[in-house]
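# Residue-level structure breakdown
What follows is the residue order along each chain.
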Amino acid sequence: MKSVVILISGRGSNMRALVEADLPGCKLVVVSNQPDAEGLAYARQRGLATAVVNHRDYPSRAAFDAALSEAIDMHQPDLVVLAGFMRILGEQFVRHYQGRLVNIHPSLLPVFPGLHTHAQALAAGVKVHGCTVHFVTPALDSGPIVIQAAVPVQAGDDEDTLAARVLAQEHIIYPRAVQWFLEGRLQLMEDGHVLLVGEQPVPARLIAPAGE
Ligand code: GAR
């Protein structure tokens, strides 16, 4: 049985998509830094093991990271999944999980790292926006890309409509990436490249506005 620890800070809709994907032969554990995270209630209701490591209880980032690591490592995870986990993790933490720590970010990285990605996209006037699953490296919102989904930015979009369109894709690509990893098809190589065995062919072009 594979073990996956999912870290959340709030709503937890990506965690929910992972739970609902019913990944075979896989035990999911949910850990939050926010005791009142909405996603925790769902995880408990689904009977998953949960834990809270409240960052406010620790005097430093290093102390928090160490406590978080301890809570995670109890479950001997094959993979640690950041799903809307809104704390910056220190280099030592990230190195400890190198090759088995993934994140989802609501933009087509490397554009629009950080917060308010949908506002950033609207301000930049891009026609295509999206989301990215990547292996985590010490730099914020960077790291070898596993999968991305693109959506059009439509006339009249605001942050909420765009966020909803992107989030629907997040819920598709994250379970897919996690499943690849658990099947042993996805790997972070020593040289920093991502190896995906048996990838499906994709259409050769994606143009927005679509036109002819
Ligand atoms: C998601 O859109 C996720 O991509 C984003 O937070 C949201 C969490 O939603 N993550 C980041 O911005 C990380 N840099 P969720 O709690 O419903 O999954």
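The structure contained in this document is the topic of the report that follows. (Residues numbered from 1 in each chain as written. Predicted model: local features only at pLDDT ≥ 70, side-chain atom pairs only at ≥ 80, totals over all residues. Heavy atoms only, no water.)

### Here's the deal with the layout of surface pockets
Over the atoms a probe the size of a water molecule is rolled, and this reveals where empty space is left. Space inside the largest pocket adds up to approximately 950 Å³. Along the walls of the largest pocket sit 38 residues, with Gly-84, Phe-85, Met-86, Ile-104 and Pro-106 positioned nearest its centre. Secondary-structure elements contributing two or more residues to the lining of the largest pocket are helix 1 (13–20), strand 5 (101–105), helix 5 (117–124) and helix 6 (159–182). Sorting elements by how many residues they give to the lining of the largest pocket places helix 6 first, with five residues. Taken together, 21 residues form the lining of the second largest pocket, with Ile-147, Gln-148, Ala-149, Glu-199 and Val-202 sitting closest to its centre. Looking at the lining of the second largest pocket, the element that brings in the most residues is strand 7 (residues 145–152), giving six residues. Along the lines of polarity and charge, the residues of the lining of the second largest pocket split into 15 nonpolar, three polar and three charged. (1 Å grid on protein atoms, 1.4 Å probe; cavity = no way out; pocket = protein on both sides within 12 Å on 5 of 7 lines; lining within 4 Å. Points joined across faces, edges and corners; volume = space filled by probe spheres on them. Helix = DSSP H or I, 4+ residues; strand = E, 2+ residues; numbered from the N terminus. Nonpolar A, V, L, I, M, F, W, Y, C, P; charged D, E, K, R; others polar.)

### With respect to the site of the ligand
Every residue lining the ligand is accounted for by Arg-11, Gly-12, Ser-13, Asn-14, Gly-84, Met-86, Ile-104, His-105, Pro-106, Asp-141, Leu-167 and Glu-170. With respect to the ligand, the side chain of Arg-11 contributes an N or O atom lying 2.6 Å from an oxygen atom. The cavity where the ligand resides is the largest pocket. Counting only elements with at least two residues in the shell around the ligand, the list comes to helix 1, strand 5 and helix 6. (Near = heavy atom within 4 Å. Polar contact = N/O pair within 3.5 Å; in protein donor to acceptor, adjacent residues only side chain to side chain. Sits in = over half its atoms within 2 Å of the grid points.)

### Section: the pairing of strand 1 (residues 2–8)
Of all the seven residues making up strand 1, six are buried; the element is thus mostly covered by neighbouring parts of the structure. Two elements, strand 1 and strand 2 (residues 26–32), share seven bridges in a ladder whose sense is parallel. By the bridge assignment for strand 2, Lys-2 is matched with Cys-26. For the segment spanning strand 1, helix 1 and strand 2, crossover handedness is right-handed. Here strand 1 runs beside strand 4 (residues 79–82); their pairing, made up of four bridges, is parallel. (Buried < 20%, exposed > 50% of the residue type's maximum accessible area, 1.4 Å probe, protein only. Pairing = 2+ DSSP bridges. Right-handed = clockwise from strand over helix to strand, strands pointing away.)

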